[in-house]
There are 2 protein chains.
Amino acid sequence: MARIDDIDKQILDVLIENTRTPFTDIAKRLNISAGTVHVRVKKMEESGIIKGSSLTVDYEQLGYTFIAYIGVFLEKTSQTQFVISRIKEIPFVTVAHITTGKFNIFCKIRAQDTTHAKKIIFMLDDIDGVSRTETMISLEESINDKKRLLHKVFQDL
Amino acid sequence: MARIDDIDKQILDVLIENTRTPFTDIAKRLNISAGTVHVRVKKMEESGIIKGSSLTVDYEQLGYTFIAYIGVFLEKTSQTQFVISRIKEIPFVTVAHITTGKFNIFCKIRAQDTTHAKKIIFMLDDIDGVSRTETMISLEESINDKKRLLHKVFQDL
DNA sequence: GGTGAAACTTCTAATAA
DNA sequence: TTATTAGAAGTTTCACC
């Protein structure tokens, strides 16, 4: 586990909430200099704790209103890596995990509508080695918050 | 669906890749002025297409090596909102959806280890109205890329 | 390690096209 | 709508604690 102190955690907390918070603002809040914030962020970037930054976009407004989770059953687990490599070619699959339990592979897809989703699911079903899939359609995204983790956790640890 | 043109999409593309890309850089790439980039970003913020920005953090390095998906079965679907509100109190649940299909609610958790995960799962099981849960442990996060969506999709549309 | 100030870069808003 | 521009704001470096 990476060595980061309480100040680093507080900096991360602020930046996870909003990447564009000026270092001068963070410095004021934490009673340190902007230079210090700069140096610490740079170190966390170098050590890989900070991997990058991304915009949070409203996909619904862009026409992507459909979210589903899809469990994938394989004929043999030895085909896992091959199937994963094929799944990577489908852009609308935004998350995929190799899992224990019911399914061999577990995916999340984001699509425009049910017609679009159907095409994606058929593409998954068509991959060699996939025996069948099971779809769970999201009726409501009730929680989606990476931020939850850090805020709380850093208090608990 | 929001009205955004090709230039807006290209700006989003760059910023999704790296929120801190200077507007002057984006301007050069797209052969427009930095002022234009500024105005367009501001409009997309106002219209809500851009919801915010977040750091991408390496949770493994911070000691969170355990990811699992948990399907929740309810005694009655009328308890859904109550159960969701209780799940929101557990910080390690980073995603939750109300779903059709096998499960009533579907969660993603991130924990430090199996002991920590056990506590979270027991908390979920203990919520009034939850009849049982089914856990799928992630052995490997093979795909996790919101960027995939925009890049490709914008070409297809 | 951290600071504070200088030098440099980027952002923003107003004006003009 | 877009471009230009000048002043404000933010970032980065560095000599010095």
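Residues numbered from 1 in each chain as written. Chains lettered and ligands numbered in written order. Predicted model: local features only at pLDDT ≥ 70, side-chain atom pairs only at ≥ 80, totals over all residues. Heavy atoms only, no water.

Asker: Any details on the layout of surface pockets? Residues and values, ideally.
Answerer: Over the atoms rolls a probe the size of a water molecule, and its path tells where empty space is left. In this structure, the second largest pocket spans a volume of roughly 190 Å³. Considering the residues around the second largest pocket, the lining is formed by 13 residues, among which Val41, Glu45 and Ile50 of chain A together with Arg20 and Leu55 of chain B are closest to the centre. Mapped onto the lining of the second largest pocket, the elements with two or more residues apiece are helix H3 (34–47) and strand S1 (50–57) of chain A. When residues of the lining of the second largest pocket are assigned to their parent elements, the largest contribution, four residues, is made by H3 of chain A. Split by residue class, the lining of the second largest pocket holds five nonpolar, five polar and three charged. (1 Å grid on protein atoms, 1.4 Å probe; cavity = no way out; pocket = protein on both sides within 12 Å on 5 of 7 lines; lining within 4 Å. Points joined across faces, edges and corners; volume = space filled by probe spheres on them. Helix = DSSP H or I, 4+ residues; strand = E, 2+ residues; numbered from the N terminus. Nonpolar A, V, L, I, M, F, W, Y, C, P; charged D, E, K, R; others polar.)

Asker: An account of the protein's contact with DNA strand D is requested, with residue identities and associated values reported.
Answerer: DNA strand D sits among Pro22, Phe23, Thr24, His38 and Lys42 of chain A together with Arg20, Ile32, Ser33, Thr36, Arg40 and Lys43 of chain B. Backbone atoms, meaning sugar plus phosphate, form 83% of the atoms of DNA strand D positioned within 4 Å of the protein. Phe23 of chain A is positioned with one of its backbone polar atoms (N or O) 2.6 Å from a phosphate oxygen of DNA strand D. Contact between DNA strand D and Arg40 of chain B: a phosphate oxygen at 2.8 Å from a side-chain N or O atom of the residue. If you list the elements that add at least two residues to the surface near DNA strand D, you get helix H2 (23–30) and H3 of chain A together with helix H3 (34–47) of chain B. In terms of residue count, the dominant contributor to the surface near DNA strand D is H3 of chain B (three residues). For the surface near DNA strand D, a count of residues per class yields three nonpolar, four polar and four charged. (Near = heavy atom within 4 Å. Polar contact = N/O pair within 3.5 Å; in protein donor to acceptor, adjacent residues only side chain to side chain.)

Asker: Could you give me a rundown of the UniProt feature "domain: HTH asnC-type" (unreviewed entry) in chain A, with the residues and numbers involved?
Answerer: Per the UniProt record, "domain: HTH asnC-type" (unreviewed entry) is found at residues 4–65 of chain A. Helix makes up 55% of residues 4–65 of chain A and strand makes up 13%, while its end C-alpha atoms are separated by 39 Å. (UniProt positions renumbered as here; feature names shortened; annotations may be inferred.)

Asker: I'd like to hear about the interface of chain A and chain B, residue by residue, with values.
Answerer: Contacts between chain A and chain B engage 73 residues on the former and 73 residues on the latter. Summed over both partners, the interface of chain A with chain B comes to about 6900 Å²; 59% of that surface belongs to carbon and sulfur atoms. Viewed at the interface, chain B and chain A are joined by zero salt bridges. For the interface between chain A and chain B, the tally reads 33 residue pairs in polar contact (both at pLDDT 80 or more). Looking at the side of chain A that touches chain B, the elements with two or more residues in it are helix H1 (6–17), S1, strand S2 (66–74), helix H4 (80–87), strand S3 (93–99), strand S4 (105–111), strand S5 (130–144) and helix H6 (147–156) of chain A. Counting residues per element, the side of chain A that touches chain B draws most heavily on S5 of chain A, at ten residues. Bridging between S1 of chain A and strand S1 (residues 50–57) of chain B involves seven bridges; their strand directions are antiparallel. When the bridges of S1 of chain B are listed, Val57 of chain A appears paired with Ile50 of chain B. (Contact = heavy atoms within 4.5 Å. Buried area = accessible area lost by both parts, 1.4 Å probe. Salt bridge = Lys/Arg side-chain N within 4 Å of Asp/Glu carboxyl O. Pairing = 2+ DSSP bridges.)

Asker: Got a sec to walk through the relation of the copies chain A and chain B? Specific residues and values, please.
Answerer: In summary, the two copies of the chain are related to each other by a rotation about an axis coupled with a shift along it. Mapping chain A onto chain B calls for a rotation angle of 180° and an axial translation of 0.0 Å; the resulting RMSD is 0.1 Å. On this basis, the relationship between the two copies can be described by a two-fold rotation axis. Measuring from the rotation axis to each C-alpha of chain A, the shortest distance belongs to Ser54 of chain A, at 2.8 Å. Both copies present the same face, since 100% of the interface residues in chain A are matched by interface residues at the equivalent positions in chain B. (Least-squares fit on C-alpha atoms with pLDDT ≥ 70 in both.)

Asker: Explain the protein's contact with DNA strand C to me, using residue names and the numbers behind them.
Answerer: Neighbouring residues of DNA strand C: Arg20, Ile32, Ser33, Thr36, Arg40 and Lys43 of chain A together with Pro22, Phe23, Thr24, His38 and Lys42 of chain B. His38 of chain B is positioned such that a nitrogen or oxygen atom in its side chain is 3.4 Å from a phosphate oxygen of DNA strand C. Going through the elements one at a time, H3 of chain A together with helix H2 (23–30) and H3 of chain B are the ones with two or more residues in the surface near DNA strand C. The leading source of residues in the surface near DNA strand C is H3 of chain A, at three residues.

Asker: Give me H1 of chain A: which residues, what numbers.
Answerer: Residue and element names in this part refer to chain A. The first and last C-alpha atoms of H1 sit 17 Å apart over twelve residues, in line with the 16 Å expected at 1.5 Å per residue. Within the span of H1, buried status applies to Asp8, Lys9, Ile11, Leu12, Asp13, Val14, Leu15 and Ile16. Its side-chain oxygen placed 3.1 Å from the backbone nitrogen of Ile7, Asp5 serves as the N-cap of H1. (Expected span 1.5 Å × (residues − 1). Buried < 20%, exposed > 50% of the residue type's maximum accessible area, 1.4 Å probe, protein only.)

Asker: Describe the packing of aromatic side chains, naming the residues involved and giving the relevant values.
Answerer: Summed over the entire model, instances satisfying the criterion amount to ten aromatic pairs over all chains. Between the aromatic rings of Phe73 of chain B and Phe103 of chain B, the centroid separation amounts to 5.2 Å while the plane-to-plane angle is 75°, which identifies the pairing as edge-to-face. Taken together, the residues Phe73 of chain B in strand S2 (residues 66–74) and Phe103 of chain B in the loop between strand S3 (93–99) and strand S4 (105–111) connect sequence positions 30 residues apart. The pair Phe73 of chain B / Phe103 of chain B is uniform in exposure class, with both members buried. Taken together, the ring pairs in this structure connect Tyr69, Phe73, Phe103 and Phe106 of chain A together with Tyr69, Phe73, Phe103 and Phe106 of chain B into an aromatic cluster. Positioned above the aromatic ring of Phe73 of chain A is the side chain of Arg132 of chain A, whose terminal nitrogen or guanidinium carbon lies 4.0 Å from the ring centre. (Phe/Tyr/Trp six-rings, centres within 6.5 Å; stacked < 30°, edge-to-face > 60°. Lys NZ or Arg CZ within 6 Å of the ring centre and 35° of its normal.)

Asker: I'd like to hear about the packing of H2 of chain A against H3 of chain A, residue by residue, with values.
Answerer: Residue and element names in this part refer to chain A. In contact at an axis separation of 8 Å, H2 and H3 are set at 110° when each is read in the N-to-C sense. With respect to each other, H2 and H3 are oriented roughly perpendicular. Contacts between H2 and H3 pair Phe23, Thr24, Ile26 and Ala27 from the former with Ala34, Val37, His38 and Val41 from the latter. Partitioned by chemical class, the residues of the contact of H2 with H3 number six nonpolar, two polar and no charged. (Axes fitted to C-alpha atoms, helices over the stretch in contact; angles between N-to-C directions. Parallel < 35°, antiparallel > 145°, perpendicular 65-115°, else oblique.)

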